[in-house]
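Structure at a glance
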Amino acid sequence: MEKIKELENIARQLEPDTGTRHDIVREANAYVEHFVESLPGAPGYTTGEINKLRALQIGEEGKSLEQLIDILKDEVDATGINSASGRHMGYIPGGGLWTSAVADMLAAAANRYAGIAYSSPGAVEIGNQMIRWLASVVGYPEETHGNLTSGGSIANLIAIKAARDRYGINASNVRKMAIYFTEQVHHCIHKALHTTGLYEAVLRSIPVDGNYRMDVIALRKQIEEDKREGLHPFLIIATAGTTDTGAIDPLDEIADIRDEYGMWFHLDAAYGGFFVLVEEAKARFKGMERSDSVVMDPHKTLFMPYGSGVVLIRDRNALLASNSYKAAYMKDAYGLDEIDPADSGPELSRHFRGLRMWLPLHLHGVAPFRANLEEKLMLCRYFHKKAGTMGFETGKTPDLSVAIFRIPDDPDNRKNEAFIKALHEDGRVFLSSTTIGEKLWIRCAVVSFRTHLREMDIALDMIRENRDRVLSGGPKSSLHISGDH
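Residues numbered from 1 in each chain as written. Predicted model: local features only at pLDDT ≥ 70, side-chain atom pairs only at ≥ 80, totals over all residues. Heavy atoms only, no water.

**Some points on the confidence of the model for the protein**
The predicted model of the protein averages 93 in pLDDT, with 95% of residues at 70 or higher. Across residues 329–334 the pLDDT falls below 50, and counting only partners more than four positions away or on other chains, this stretch makes seven contacts in the model. Residue range residues 477–485 is modelled with pLDDT below 50. Its contacts to residues more than four positions away, or to other chains, number 31 contacts. (pLDDT = per-residue confidence, 0-100. Contact = heavy atoms within 4.5 Å.)

**Notes on helix α14 (residues 367–389)**
Turn by turn, an α-helix covers 3.6 residues, leaving residues three or four places apart pointing in a common direction. Between the first and last C-alpha of α14 there are 33 Å, a value that for 23 residues agrees with the 33 Å anticipated at 1.5 Å per step. Those residues of α14 lying buried are Phe369, Asn372, Leu373, Lys376, Leu377, Leu379, Cys380, Phe383, His384 and Ala387. On its buried face, α14 is in contact with α11 (298–301), α13 (355–364), β10 (393–394), β11 (402–406), β13 (439–445) and α16 (453–472). At the C-terminal side of α14, glycine 391 shows a positive phi close to 95°. (Helix = DSSP H or I, 4+ residues; strand = E, 2+ residues; numbered from the N terminus. Expected span 1.5 Å × (residues − 1). Buried < 20%, exposed > 50% of the residue type's maximum accessible area, 1.4 Å probe, protein only.)

**Focus: the layout of surface pockets**
By volume, the largest pocket amounts to about 1200 Å³. Forming the walls of the largest pocket are 46 residues, and the residues nearest its centre are Tyr31, Val32, Phe35, Val36 and Asp77. Contributions of two or more residues to the lining of the largest pocket are made by α2 (18–38), β1 (45–46), α4 (65–75), β2 (80–81) and α5 (98–110). Examining the composition of the lining of the largest pocket, we find that ten residues originate from one element, α2, more than from any other. Its residues assigned to classes, the lining of the largest pocket shows 25 nonpolar, 16 polar and five charged. One number sums up the size of the second largest pocket: a volume of about 490 Å³. If you trace the second largest pocket, you find 30 residues lining it, with Ile92, His186, His187, Thr243 and Lys300 closest to the centre. Elements with a contribution of two residues or more to the lining of the second largest pocket: α7 (152–166), α8 (187–195), α11 and β12 (432–436). (1 Å grid on protein atoms, 1.4 Å probe; cavity = no way out; pocket = protein on both sides within 12 Å on 5 of 7 lines; lining within 4 Å. Points joined across faces, edges and corners; volume = space filled by probe spheres on them. Nonpolar A, V, L, I, M, F, W, Y, C, P; charged D, E, K, R; others polar.)

Printed below as a string of structure tokens:
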């Protein structure tokens, strides 16, 4: 008994008393407040060493929270891309709503198992309520269901697997099946095709038009050729908001082709889908509601923290048939009316991630989200126009909130290689690059809810200064680590 008591005394260190909890929360909250308050002046990208972090070892005795927060502050949150900053305009930024962070704390503290309704009917209802609302945003019917996922990769995997299973594709027939997408499709689609075994199918990359959208004439022609060759076209993968340029494929015309050939129409709208909330953008998404499955990422254009994705499947039976399994030890959990998240995706153990969406949407309402999205569309057009007047070569007028530009008259991309390097060394605003048709382009992705007109003007100043420095052959820009310039 003495040994048990001794172990209990040590084990109880994992359950801090009230005073200790208050101290921990106070210190952590002070850091969070300082971090959030400093964001308007913080750079979008910095370089730095992480030597203390690498040297840190887990031992038998604990360390002070002060020491750990110092390492977090100096070597995690102050190096690399500042994802929470309004000056992150490179990759499609994740959001990081503060109210979602509060929801995550509440979810983690209560630690409800959100995989089955028998375990936590309220947690599952919150997730399913979000799925029903999301389906209404897309324009899907009531029989739609889906899954709140960790992001677009798992969401696309679930949808592609559901399509595979609906069409009965297996090792015996996969090489006769044909799948269609463009070069602009996100690389997580290729990962999903590998994971599901569909990379052994016939994969057709359909050309894009001058606006980087799928060429539906070429799509129809390819399908006809494949049918004549004895192949079975079964899946079209379109994109609403490509990563490179933000382009939206012609969804309604693709849906017509799906109807004509009896195929599955999957839509990757991970980045762009939520812009359908903006009245002036709705027409660009015509046909979205006709897709068989759609993916959207709330951690992109609903500004939630990373780890927030969703897949919706128009026919819930296709989703459940592809994911639902029974286990003898789970017999007590069966028989409820609610659809369990464990039956609509690959995860059994899962975070109660519905709360991070449910709390902000109910707390703030939809209006601030819609206003943010409309603002981003306008800011991107503002940037695109300004970049053109500054003498840059620019891409087509953006469909959404990604603009591309480059120094012109640069056939070997050397000027633009030096340019993006200078921008990264500067770091006031983080921009990224991509290659389209052998040309190196700089990308400006206006997505963060913390990006406003002030941040766009800082970006334009940085771009102008570094362009002039690169073209004049002057000294490299110095790395700006904080403050406005």
